[in-house]
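Here is how the chains run, residue by residue.
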Amino acid sequence: MSRFVSSRDLLPRVLAGEVPAVARLLSRAEAADPECRETLGEIYGRAGKAHVVGITGVPGSGKSTMVAVLAAHLRKAGHKVGIIAIDPSSPYSGGAIMGDRIRMSDLASDEGVYIRSMATRGALGGMARATLDAVDILDVAGFDYILIETVGVGQDEVEIASASHTTLVVSAPGLGDEVQAIKAGILEIADVHVVSKSDRPDARSTVSDLKQMLTLGMATDAKTAWRPPVIATSSLKGEGFDELVSALGQHKAFLEGSDAGRARVRRIAEFRMIKTAEELLRRRFKESSAGRVAAVADRLAAREISPYVAGEQLLDGIGA
Amino acid sequence: MAENIRVLLAKVGLDGHDRGVRVVARCLRDAGMDVIYTGLHRTPEEVVDAAIQEDVDVLGVSLLSGAHMTAFPRIIKRLGEKGVGDMILLGGGVIPDEDVTKLKQMGVADILLQDTPPNVIVDTVRRLVRDRGAR
Ligand SMILES: Nc1nc2c(ncn2[C@@H]2O[C@H](COP(=O)(O)OP(=O)(O)O)[C@@H](O)[C@H]2O)c(=O)[nH]1
Ligand SMILES: [Mg+2]
């Protein structure tokens with residue numbers, strides 16, 4: 001793409017699935033460029049066909065490698081697959097090094113797979129601010145399955161469950177004596193549990209620990225009809241992926257046309273709305289308070305006013 | 001946050017050393033850029049396809065194996081075929097002077113030889129992106 005092409009003019013090419021156009025619009029969404037806002041709005045209205053799979057689990061649990069093998073299996077079943085791999089930005093420089101593609105090199109020459117690396121740029125929750133815009137763009141570009149690989153650290157990871165139709169929680173053997181998902185408090189968000197690296201001898205105990213936890217009722221709700229299965233996979237040997245693909249298909253079928261499915265779609269919309277409102281609020285707050293920060297901070301430092309009053313003063317005039 | 005410069009770094013060819021690329025990745029990251037690293041042993045075509053998907057400002061390709069005079073023409077050809085002839089292409093690694101001149105004539109924006117200081121790398125990337133203008 002040589003000259004500047006407006007987002008509006010990119011749209012037909014995005015809808016036709018042209019990769020450079022998809023990639024460029026994604027960059028504009030990521031930069032929150034006001035120029036693309038209307039186009040993203042139109043795209044949102046057209047999206048909603050793809051099945052969005054969120055994949056979480058601690059760093060090193062094998063997510064990227066698994067995503068690659070899973071994508072290859074989905075391709076064999078005739079699906080087009082979009083992958084969004086999220087990595088943390090450095091809080092110091094704002095930059096990021098993103099290496100998930102290293103594990104996905106087998107997909108390199110497949111036109112039916114699109115891979116995009118995204119940095120969090122300060123966003124919490126294991127995703128980037130524009131991740132769901134990216135999902136919409138890939139959706140209207142014709143990708144049937146969209147796999148989101150989250151950052152994989154911290155409690156905030158639960159957000160992925162409010163952004164995807166099916167959430168995979170990956171646990172790996174050999175990363176400590178406790179199942180990491182339990183430790184991280186993300187066991188409850190799984191629609192499907194994956195124990196990765198099943199080629200390792202210690203994977204069996206990870207599977208049994210996990211199953212024991214689940215039967216203890218920690219993560220299963222007897223009232224819901226869906227019981228998250230535990231599937232052992234080895235990306236190294238390509239084992240367990242037929243089961244994983246079929247579990248994804250079953251969960252997709254479970255959601256389709258059901259109350260649970262409608263509730264999930266609604267939850268994603270609500271999450272998106274709240275996130276967007278928070279983002280707008282933050283931006284307005286920054287703009288409206290910018291001129292007053294120094295003066296109010298001076299008074300606060302001199303203990304003339306309380307932190308509460310200072311906060312209130314900064315908020316004055318927001319939303320104008 | 002302002003739009004970050006996006007850079008894809010790739011190793012093409014047979015040599016199995018990526019210490020240099022990793023160092024470059026770190027200094028670009030520390031300068032606030034988004035750096036995508038694709039790992040060892042990529043083909044020129046794979047690298048270009050990845051750079052297009054990632055919509056990077058700069059594609060940086062490192063070669064130590066002496067295959068640069070075949071790799072870069074293939075990269076430039078692929079970029080042209082895919083209609084992204086304006087992507088900024090940077091070369092790095094071990095490349096003899098006479099080839100540096102030839103590569104620049106072919107359309108490689110700049111070559112950063114081994115041992116280029118970090119600040120020069122960062123400045124070069126910033127300058128090339130600035131000179132390109134908005135897109
Ligand atoms: N033994 C074994 N190792 C694996 C498997 N999948 C991934 N790994 C290794 O686990 C490490 C982390 O993998 P990666 O996919 O980058 O994990 P991520 O950080 O969760 O994305 C790498 O060294 C992989 O080679 C597997 O199926 N078996
Ligand atoms: Mg990863």
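Conventions adopted
- Residues numbered from 1 in each chain as written.
- Chains lettered and ligands numbered in written order.
- Predicted model: local features only at pLDDT ≥ 70, side-chain atom pairs only at ≥ 80, totals over all residues.
- Heavy atoms only, no water.
- Helix = DSSP H or I, 4+ residues; strand = E, 2+ residues; numbered from the N terminus.
- Buried < 20%, exposed > 50% of the residue type's maximum accessible area, 1.4 Å probe, protein only.
- Contact = heavy atoms within 4.5 Å.
- Lys, Arg positive; Asp, Glu negative; His and termini not counted.
- Charge placed at Lys NZ, Arg CZ, Asp CG, Glu CD.
- Buried area = accessible area lost by both parts, 1.4 Å probe.
- Salt bridge = Lys/Arg side-chain N within 4 Å of Asp/Glu carboxyl O.
- Polar contact = N/O pair within 3.5 Å; in protein donor to acceptor, adjacent residues only side chain to side chain.
- Nonpolar A, V, L, I, M, F, W, Y, C, P; charged D, E, K, R; others polar.
- Pairing = 2+ DSSP bridges.
- Axes fitted to C-alpha atoms, helices over the stretch in contact; angles between N-to-C directions.
- Parallel < 35°, antiparallel > 145°, perpendicular 65-115°, else oblique.
- Near = heavy atom within 4 Å.
- Areas by Shrake-Rupley, 256 points an atom, 1.4 Å probe, with all protein chains shown as cover.
- Donors = N, O, S within 2.8 Å, 3.2 Å for Na, K, Ca; no water.
- Domains from an automatic or database assignment.

Enquirer: Sorry if this is basic, but what is going on with the overall build of chain B here?
Expert: Helices and strands together make up the secondary structure of chain B, namely five helices and five strands. Secondary structure of chain B in N-to-C order comes out as β-α-β-α-β-α-β-α-β-α. Along the first, second and third principal axes, the C-alpha set of chain B runs to 40 × 30 × 25 Å. Among the 135 residues that make up chain B, the fraction classed as buried is 55%. Once local pairs closer than 6 in sequence are excluded, the contacts in chain B between residues at least 24 apart make up 69%. Distance from the positive charge centre (18 side chains) to the negative charge centre (20 side chains) of chain B: 2 Å.

Enquirer: What am I meant to see in the interface of chain B and chain A here?
Expert: Accessible area lost upon the coming together of the parts serves often as the stated size of an interface. Taken together, the 29 residues of chain B in the interface contact 32 residues of chain A. Across the chain B to chain A interface the summed buried area is about 2,600 Å²; carbon plus sulfur atoms make up 48%. For the pair chain B and chain A, the number of links is five salt bridges. Here Arg101(A) ties to Glu54(B) by a salt bridge, and the two come within 2.7 Å at their closest N and O atoms. Linking chain B to chain A there are 20 residue pairs in polar contact (both at pLDDT 80 or more). Mapped by element, the contributors of at least two residues to the side of chain B that touches chain A are α1 (19-30), β2 (34-37) and α2 (44-54) of chain B. With six residues, α2(B) is the single largest residue contributor to the side of chain B that touches chain A. Here the side of chain B that touches chain A is composed, by residue class, of nine nonpolar, six polar and 14 charged. One ladder, built from three bridges, connects strand β3 (residues 96-98) of chain A with β2(B); its direction is parallel.

Enquirer: Sorry, what's going on with the packing of helix α3 (residues 68-81) of chain B against helix α4 (residues 97-106) of chain B here?
Expert: A pair of packed helices can be characterised by two numbers: the angle between their axes and the separation between those axes. All names here are of chain B. For the pair α3 and α4, the least separation of the axes is 11 Å and the interaxial angle reads 10 degrees. One finds that α3 runs roughly parallel with respect to α4. Counting all contacts with α3, which are made through His68, Met69, Phe72, Pro73 and Ile76, the residues of α4 involved are Asp99, Lys102, Leu103 and Met106. Here the contact of α3 with α4 is composed, by residue class, of six nonpolar, one polar and two charged.

Enquirer: For this particular structure, what's the right way to read the site of ligand 1?
Expert: All names here are of chain A. If you check the shell around ligand 1, you find 16 residues, and the closest are Gly60, Thr65, Arg103, Asp199 and Ser235. Interatomic distance of 3.1 Å between a side-chain N/O atom of Glu149 and an oxygen atom of ligand 1. Taking Ser235, its main chain carries an N or O atom lying 2.8 Å from an oxygen atom of ligand 1. Surface burial for ligand 1 is 76%, taken as the share of its 580 Å² of free accessible area covered by protein chains. The element best represented in the shell around ligand 1 is helix α4 (residues 63-76), accounting for three residues. In the shell around ligand 1, the residues fall into three nonpolar, seven polar and six charged.

Enquirer: Got a minute to help me understand the sheet that holds strand β1 (residues 6-11) of chain B in this structure?
Expert: Strands belonging to one sheet form pairs held by backbone hydrogen bonds; the direction of such a pair is parallel or antiparallel. Pairing in this open sheet of six strands is parallel, and the strands run β3(A)-β2(B)-β1(B)-β3(B)-β4(B)-β5(B) from one edge to the other. Here the strands that pair on one side only, and so sit at the sheet edges, are β3 of chain A together with β5 (110-113) of chain B. Strand-to-strand twist in this sheet, taken as the mean axis angle between neighbours without regard to direction, amounts to 20 degrees. As judged from the five bridges shared by β1(B) and strand β3 (residues 58-63) of chain B, these two strands associate in the parallel manner. Each bridged residue has a counterpart across the sheet, and for Leu8(B) the counterpart in β3(B) is Leu59(B).

Enquirer: Explain the coordination of the magnesium ion (ligand 2) to me, please; I cannot follow it from the model alone.
Expert: Octahedral six-donor coordination of a metal ideally yields angles of 90 or 180 degrees, compared with 109.5 degrees for tetrahedral four-donor coordination. Residues and elements named next belong to chain A. Distances from the magnesium ion (ligand 2) to its protein donors, Ser64 (OG), Asp100 (OD) and Glu149 (OE), fall within 2.2 Å. Read N to C, the donor residues that coordinate the magnesium ion (ligand 2) are spaced as S-x35-D-x48-E. With Ser64 in helix α4 and Glu149 in strand β5 (residues 145-149), this residue pair connects regions lying 85 residues apart in the sequence. Judged by its relative accessible area of 5%, Glu149 falls in the buried class.

Enquirer: Would you explain the domain arrangement of chain A in this entry?
Expert: Residue and element names in this part refer to chain A. The assigned domain composition of chain A is domain 1 (1-46), domain 2 (47-256) and domain 3 (258-320). Each of domain 2 and domain 3 was reduced to a C-alpha centroid, and the two centroids are 31 Å apart. The interface of domain 2 with domain 3 comprises 19 residues on the first partner and 11 residues on the second. Both sides together, the interface formed by domain 2 and domain 3 hides about 1,200 Å², and carbon and sulfur atoms give 52% of it. A per-residue breakdown of the area domain 2 buries against domain 3 is headed by Leu132, Ser162 and Leu255, which together make up 38% of the total. The interface formed by domain 2 and domain 3 includes four salt bridges. Between Lys275 and Glu159 there is a salt bridge, and its shortest N-O distance comes to 3.1 Å. Our count for the contact surface shared by domain 2 and domain 3 stands at 11 residue pairs in polar contact (both at pLDDT 80 or more).

Enquirer: Which parts of the structure should I look at to understand the environment of Met69(B)?
Expert: Residue and element names in this part refer to chain B. With respect to the helices, strands and loops of the structure, Met69 is situated in helix α3. The exposure class assigned to Met69 is partly exposed, which follows from its relative accessible area of 27%. Note: C-alpha distance between Met69 and Thr124 (55 residues apart in sequence) is 22 Å. Setting aside its immediate chain neighbours within four residues, Met69 contacts Asp99, Lys102, Leu103 and Met106.

Enquirer: Explain the side chain of Glu149(A) to me, please; I cannot follow it from the model alone.
Expert: Despite its burial, Glu149(A) pairs with no opposite charge, the nearest such side chain being Lys63(A) at 4.5 Å. Look past the residues within four positions of Glu149(A) in its chain and what remains in contact with it is Ile55(A), Lys63(A), Ser64(A), Val67(A), Ile84(A), Ala85(A), Ile86(A), Asp100(A) and Met104(A).

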